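The residues making up each chain are set out below.
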Amino acid sequence: MAEAADFQGTSPSPARRWLRRTAALLAGVPLLTGLVQLPAAGSAHADVPDSAKAASGSGTVSVALDSLSPSAPTDGDTLTVSGTVTNNGKQKITDAQVDLRVGPRLSTRSAIDTVARDGDEVRSSLGSEVGGKYVEKFPELSPGVAEHFDISVPVDELDLGQNGVYQLAVALSGQTSAQPWEQVLGVQRTFLPWQPDEAGTRTKTTYLWPLVSTVHMTAETESNEQQTPVFLDDDLAEEISPGGRLDQMVQLGKDLDVTWVIDPGLLASVDEMTRGYRIQGEGDTTTAGTHQAVAKQWLADLQEAVAGKEVVALPFADPDLASLAHNGTGVTGSLSQLKTATDVVANTVEPILHVKPTTDFAWPVDGAIDPSIVKVATSAGADKIITRSDSLRETGDLPYTPSAARPIGGGTTAVVADARLSTAFQGDLTKASASTLAVQHFLAQSLMLGRQTDKQRSVVVAPQRMPSASQALTMAEAVAALEDGTWSESQNLTEAAAAEPDPGATTKVPPSSSYPSALRKQELLREAFDQIARTQAKLDKFKVILSDESRVVTPFGRAMNREMSTSWRGRTTAAASFRNDVEWYLNDLIGQVRLIDKSETKLSGRSATIPVTVQNNLVQGVDRLVLRLSSRNPTRLTIGGEDYQEQPVTVSGGHSQSVKFTTSANANGRATVVAQLYTQDGQRYGEPVVFDVKVTEITATVMLVIGGGVLLLVLAGFRMYTQRKRAAARETAEDGSGRAGDGAENPEGTAARPAGESGAGSRGGDRDDREQPSDPAPDTAAESADPSGAGERVDR
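Residues numbered from 1 in each chain as written. Predicted model: local features only at pLDDT ≥ 70, side-chain atom pairs only at ≥ 80, totals over all residues. Heavy atoms only, no water.

K.L.:
What is the right way to look at a negative patch on the surface in this model?
P.N.:
On the surface, Asp-75, Asp-156, Glu-157 and Asp-197 cluster together to form a negatively charged patch. Here Asp-197 falls in the partly exposed class, since its relative accessible area comes to 47%. (Patch = residues over 30% accessible without salt bridge, like charges linked within 9 Å, V, L, I, M, F, W, Y side chains within 5 Å. Areas by Shrake-Rupley, 256 points an atom, 1.4 Å probe, with all protein chains shown as cover. Salt bridge = Lys/Arg side-chain N within 4 Å of Asp/Glu carboxyl O. Lys, Arg positive; Asp, Glu negative; His and termini not counted. Charge placed at Lys NZ, Arg CZ, Asp CG, Glu CD. Buried < 20%, exposed > 50% of the residue type's maximum accessible area, 1.4 Å probe, protein only.)

Quick look at the structure:
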């Protein structure tokens, strides 16, 4: 039986056995007396075992073990245990005392799990009392009241035997008015790793220290030269501020021998904060971020922490490999997104941290793998996949936990993290008691793993991606204790992956059917990858017209990497909202380059030019655009002599450009014209502008009217000519007679003009000789970027 096995290896001293037997005998005297005096009606209760009676009021006291120091004691140490006991019952407890009890030496890792699961069960075996002066007594424990205890005992008094993991219980005993005998009313079990001497073979342990966060940056940037980024919120500033989660990870990790696993997307976000950032507000408003100094300090601290350490860089934004494998590979371009997220790592991590990262590791969620996940992970260049022992399970007969490295085919190595050690610090560890138990459980499993065989092995610990501040603090305490211990030594991840694999270890990747359903429910669905592909297609069409495509390609490319982030698991609504915002913002930018709407246009002639205006509200210029104007009624109206005509378009940022097309009218009536922008590769760009052209041909009646007007002008000119000739003849005749009689008085040879004659005509004749007819009006009107008005006329 398990309980019998729990007691193997215990050997209480003869004096203690005598004391326990004497106490049991004395305690039984009043009980026997009471049984003798019971009436016959109560005889039925006489058969109830004493142990059941003693336990009937058990479990009414909670015992919290807040600290245990040292975590792994050695010879000569003094063990100090402190915490609180709380009476959760309705009755007062008297004659209470807290004491320590050393249980059996545990022999397997599963036995450790069993003890941890039943840690507060009073009916299970507790082990031998340390007793003596190493107890703390309480005359009375009132209901709802917590009392603090602090017990220090030399390790030599614990009677620990062989090296190994021992159960250590902190128990509260006492009695109540309803049960006036001593009984255990509350207990808390933990573990005492006992390895006072250097282990003959130390386990090589790799502990991953992850720096990963949720998505904080949007695709949006300000229109200034610096392209100031816009953040979803200011939560990242809180995480990297002193005392924040990510600040704690850096401050704690710098003193530990760990392998840093970093999301480059996080580094990029903090780096952008150092130069200034904006935060999304209500509607289209943004507010200025104010934590530039905090961002600079955090990066400086991180640079110092990782100096000389191994840094493993995940693909940008930590893409969800399992979601991509299960739901995204059927969508064109999804694997290209993963490749892009991998390629940008080198230009992100090294310039910021000044260390060259390792980029050939992939880390699926919780280390769960199947063949499709392995295929996706390796498609982007990774040849080492961090998995976990509860995914790549042992199917052989190995009596020990094998080394982490496993060849799984195709030149790929699975680095199998130990599941027990990797999950030791999950859950709520904000309470000191929970933290203490987690540390002792971790150390116990580590020591037990090392004692399984004399063969040296490489063990990897891959904790949760985003530990809370309290979880990080507990992890750091455990890793520090492990580094100070006598059975383990640190090793980086690359060395663990290169270690000689155990021949008998499992190397077969589990089938897709074994992938945990709980994880599958949290995955990004195919609709997410469809939307990412749609956004990428729009970006590809948009970037070809830009004079500086990097201003758009970079923020949107990184935003689409973030759309695939592992951090969206369990946050379906938030993930969809982020994708929608990215796509809508891109649509808005695309819409800044557009055609100005036109209303009906009148064409009163056989040929004319029609202007179409292209407006560019972007900061940068656009080119490699083609504007096509086509007629839907070519029998009535042709464009440039054909059904349509195309002209290249280049527009500076913040400007408009009018493009003119020559048209020819063949018949009266209304013709529909379509203006459409295209990229140079023939892809439609933006929405078309459709407008009508009303064609009015020049008729015969109009020609007669115009001909009659010309004839009248000719006749009027001829009459003026004859009148001038007659006036000249008269003047000649008058000059002749004047010279005969009055020449001395009129030396110029001119005579005074009588009033009422056509002197004006003479002056008019002089003016006609000096002036020329006016030049005709220009063929084109002044260019305008304003929308055409109703009934607008075209240039002829």
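Moving on from the model shown.
K.L.:
Just to check I follow, could you spell out the confidence of the model for the chain for this structure?
P.N.:
Considering every residue of the chain, the mean pLDDT works out to 85; 83% of them sit at 70 or more. Contacts of residues 1-57 to residues separated by more than four positions or lying in other chains number 34 contacts, the stretch itself having pLDDT below 50. Throughout residues 738-796 the model reports pLDDT below 50, and contacts reaching past four residues in sequence, or to other chains, amount to 49 contacts. (pLDDT = per-residue confidence, 0-100. Contact = heavy atoms within 4.5 Å.)

K.L.:
Help me understand the side chain of Glu-563, please; the structure alone is not making it clear to me.
P.N.:
As for its placement among the helices and strands, Glu-563 is situated in helix H19 (residues 550-563). In this structure, Glu-563 is buried with no salt-bridge partner, the nearest side chain bearing the opposite charge being Arg-579 at 5.7 Å. (Helix = DSSP H or I, 4+ residues; strand = E, 2+ residues; numbered from the N terminus.)

K.L.:
Is there a simple way to explain a nonpolar patch on the surface in this structure?
P.N.:
On the surface, Leu-711, Leu-712, Val-714 and Leu-715 cluster together into a nonpolar patch covering about 410 Å² of accessible area. Checked against the element boundaries, Leu-715 lands in helix H21 (residues 700-741).

K.L.:
Explain unusual backbone geometry to me, please; I cannot follow it from the model alone.
P.N.:
Backbone geometry follows two general trends: most residues other than glycine have a negative phi, and most peptide bonds adopt the trans configuration. Residue Pro-70 is bonded to the preceding Ser-69 through a cis peptide linkage, with omega at -5 degrees. With respect to the helices, strands and loops of the structure, Pro-70 is situated in the loop between strand S1 (61-69) and strand S2 (78-87). Even without being glycine, Gln-227 reaches a positive phi, approximately 50 degrees. Relative to the helices and strands, Gln-227 resides in the loop between strand S10 (217-221) and strand S11 (229-231). You can call Gln-227 buried: its relative accessible area is 17%. Phi is positive for Asp-366, close to 55 degrees, though the residue is something other than glycine. If you trace the backbone, Asp-366 turns up in the loop between strand S16 (361-362) and helix H12 (371-379).

K.L.:
Any chance you could explain the side chain of Thr-228 here in plain terms?
P.N.:
Tracing the sequence through the fold places Thr-228 in the loop between S10 and S11. One polar contact links Thr-228 to Asn-224, side chain to side chain, over a distance of 3.0 Å. (Polar contact = N/O pair within 3.5 Å; in protein donor to acceptor, adjacent residues only side chain to side chain.)

K.L.:
Just checking my understanding: could you explain the nonpolar core for this structure?
P.N.:
One broad rule of soluble globular proteins: the nonpolar side chains tend to lie buried together. If you look at the biggest cluster of nonpolar residues, it comprises 75 residues, and the most contacted ones within it are Phe-542, Phe-556 and Leu-627. Looking at this core element by element, the count peaks at seven residues for helix H20 (residues 572-590). Not counting residues within four places of it along the chain, the set of residues in contact with Phe-542 comprises Val-552, Leu-586, Leu-589, Ile-590, Leu-618 and Tyr-685. Grouped together as the second largest cluster of nonpolar side chains are 64 residues, Val-165, Leu-236, Ala-295 and Phe-425 included. (Core = buried A, V, L, I, M, F, W, Y, C linked by side-chain atoms within 4.5 Å.)

K.L.:
Please explain the sheet that holds S2 as it appears in this structure.
P.N.:
Where strands meet in a sheet, backbone hydrogen bonds hold them as pairs that are either parallel or antiparallel. Pairing is antiparallel across the open sheet formed by three strands, whose spatial order is S1-S2-S6. Of all strands in the sheet, those with a lone pairing partner are S1 and strand S6 (146-154), marking the two edges. Across the sheet, the axes of successive neighbouring strands diverge by a mean angle of 20 degrees, strand direction being ignored. The pairing of S2 with S6 spans nine bridges and is classified as antiparallel. Within S6, the position partnered with Thr-78 by the bridge is Pro-154. (Pairing = 2+ DSSP bridges. Axes fitted to C-alpha atoms, helices over the stretch in contact; angles between N-to-C directions.)

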